[in-house]
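Architecture and fold: a report
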Amino acid sequence: MTDSPVTLITGGGSGIGAAVARRLLDAGQRVAVTGRGEERLRGFADELGHPDGLLTMVGNAADYDEIQSAVDRTLKEYGRLDTVVANAGFATHDTVAEGDPAGWTEMVLTNVLGPALLIRASIDALKETRGRIVLVGSVAGFVHGPGNVYGATKWAVTGLAENTRRQVTEFGVGVTLIAPGRVETPFWDSYGSLPPGHLFTADQIADSVVWAVEQPAGVDVNTVVVRPIGQPN
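Residues numbered from 1 in each chain as written. Predicted model: local features only at pLDDT ≥ 70, side-chain atom pairs only at ≥ 80, totals over all residues. Heavy atoms only, no water.

This brings us to the overall build of the protein. When you go through the protein residue by residue, the secondary structure sums to six helices and nine strands. A globule of 233 residues ought to have a C-alpha radius of gyration of about 17 Å, and the protein, at 17 Å, matches this closely. Taking the principal axes of its C-alpha atoms as reference, the protein extends roughly 50 × 40 × 35 Å. Taken across its 233 residues, the protein has 49% of its residues classed as buried. Partitioning the contacts of the protein with sequence separation of at least 6, the portion at a separation of at least 24 is 67%. Accessible area for the protein stands at about 11,100 Å²; split by element, carbon and sulfur atoms hold 50% of it. Where the 18 positive side-chain charges of the protein centre and where its 27 negative ones centre are 5 Å apart. (Helix = DSSP H or I, 4+ residues; strand = E, 2+ residues; numbered from the N terminus. Rg over C-alpha atoms; globule rule 2.2 N^0.38 Å. Buried < 20%, exposed > 50% of the residue type's maximum accessible area, 1.4 Å probe, protein only. Contact = heavy atoms within 4.5 Å. Areas by Shrake-Rupley, 256 points an atom, 1.4 Å probe, with all protein chains shown as cover. Lys, Arg positive; Asp, Glu negative; His and termini not counted. Charge placed at Lys NZ, Arg CZ, Asp CG, Glu CD.)

Quantified by volume, the second largest pocket comes out at close to 240 Å³. Taken together, 13 residues line the second largest pocket, and the ones lying closest to its centre are Arg130, Gly172, Ala217, Gly218 and Val219. (1 Å grid on protein atoms, 1.4 Å probe; cavity = no way out; pocket = protein on both sides within 12 Å on 5 of 7 lines; lining within 4 Å. Points joined across faces, edges and corners; volume = space filled by probe spheres on them.)

The next subject is the pattern of salt bridges. Under the defined criterion, the tally for this structure stands at seven salt bridges. In this structure, Glu106 engages Arg36 in a salt bridge whose closest nitrogen and oxygen atoms are separated by 2.3 Å. Placement of the pair is Glu106 in helix 4 (residues 104-129) and Arg36 in the loop between strand 2 (30-35) and helix 2 (38-48), with a sequence separation of 70 residues. Judged by relative accessible area, Glu106 falls into the partly exposed class, the value being 39%. Connected through shared salt-bridge partners, Glu162, Arg165 and Arg166 make up one network. (Salt bridge = Lys/Arg side-chain N within 4 Å of Asp/Glu carboxyl O.)

Counting across every chain of the model gives zero aromatic pairs. Positioned over the ring face of Phe171 is Lys127, at 4.1 Å from the centre of the ring. (Phe/Tyr/Trp six-rings, centres within 6.5 Å; stacked < 30°, edge-to-face > 60°. Lys NZ or Arg CZ within 6 Å of the ring centre and 35° of its normal.)

In this section: the nonpolar core. Judged by nonpolar contacts, the single largest core of 30 residues is most densely connected at Ile9, Val20, Val31, Val33, Ile178 and Ile205. Those elements giving two or more residues to this core turn out to be helix 1 (15-26), strand 2, helix 2, strand 5 (132-136), helix 6 (202-213) and strand 9 (223-226). In contact with Ile9, other than residues within four places in its own chain, are Gly17, Val20, Ala21, Val31, Ala32, Val33, Thr34, Val85 and Asn87. Counting residues in hydrophobic clusters, the runner-up holds 29 residues, among them Met57, Ala61, Leu126 and Ile133. (Core = buried A, V, L, I, M, F, W, Y, C linked by side-chain atoms within 4.5 Å.)

With that out of the way, let us pick up the side chain of Thr164. Structurally, Thr164 can be placed in helix 5 (residues 149-168). Excluding anything up to four places from it in sequence, Thr164 contacts Ile119, Ile133 and Val175.

Turning our eyes to something else, we now look at the environment of Lys76. Structurally, the position occupied by Lys76 is in helix 3 (residues 64-78). Between the C-alpha atoms of Lys76 and Tyr64, which are twelve residues apart in sequence, the distance is 18 Å.

Note that every value here comes from positions in space, so none of it alone points to a role or purpose.
See the structure below:
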């Protein structure tokens, strides 16, 4: 266990992040997760029985000092870092012409700045392990939606993934963008209801993330767009 790979996941206390953490722990990895909600993180750790290979840390993905602290603490606890998963994000579920701008700043900072800060904070450690960066984007980052401000943030993540890959591939670091369609997670809580049609489970998307992370050395899967059958756009 002391030499097993280590993954740091932002927004890892629920939804896709938590599902990825479970899968990696089951595979024998050590996992560090961050999230804004201490109670949610505590509940996640309680659910798993506080395994030795799980480190939970309260932190804001859009605050560089807090992200750097999470990386440093992970390295101090486990001695290495092999993968980071930029999963933290949310939607205001409104539009550019009719929405409430009060919520947009935090969404842009979390969804766009957050992944960039995680990359910056972790890249030195990932160079040492020739590790991987996983960015959780969205189908909304490939398909335009009427007035979709959230979608604009995910288009930015799509660009960030390729921009990052072009720089860090020379360091032996891989970059994967996972862009899921609709997933049944707490993402929809602020929307008021689940959207119509078939939705993925968080575990199904976790399968794609773990598949990318576990590719053989030297193999870099760059973009994975995954939709549930029946989602047309």
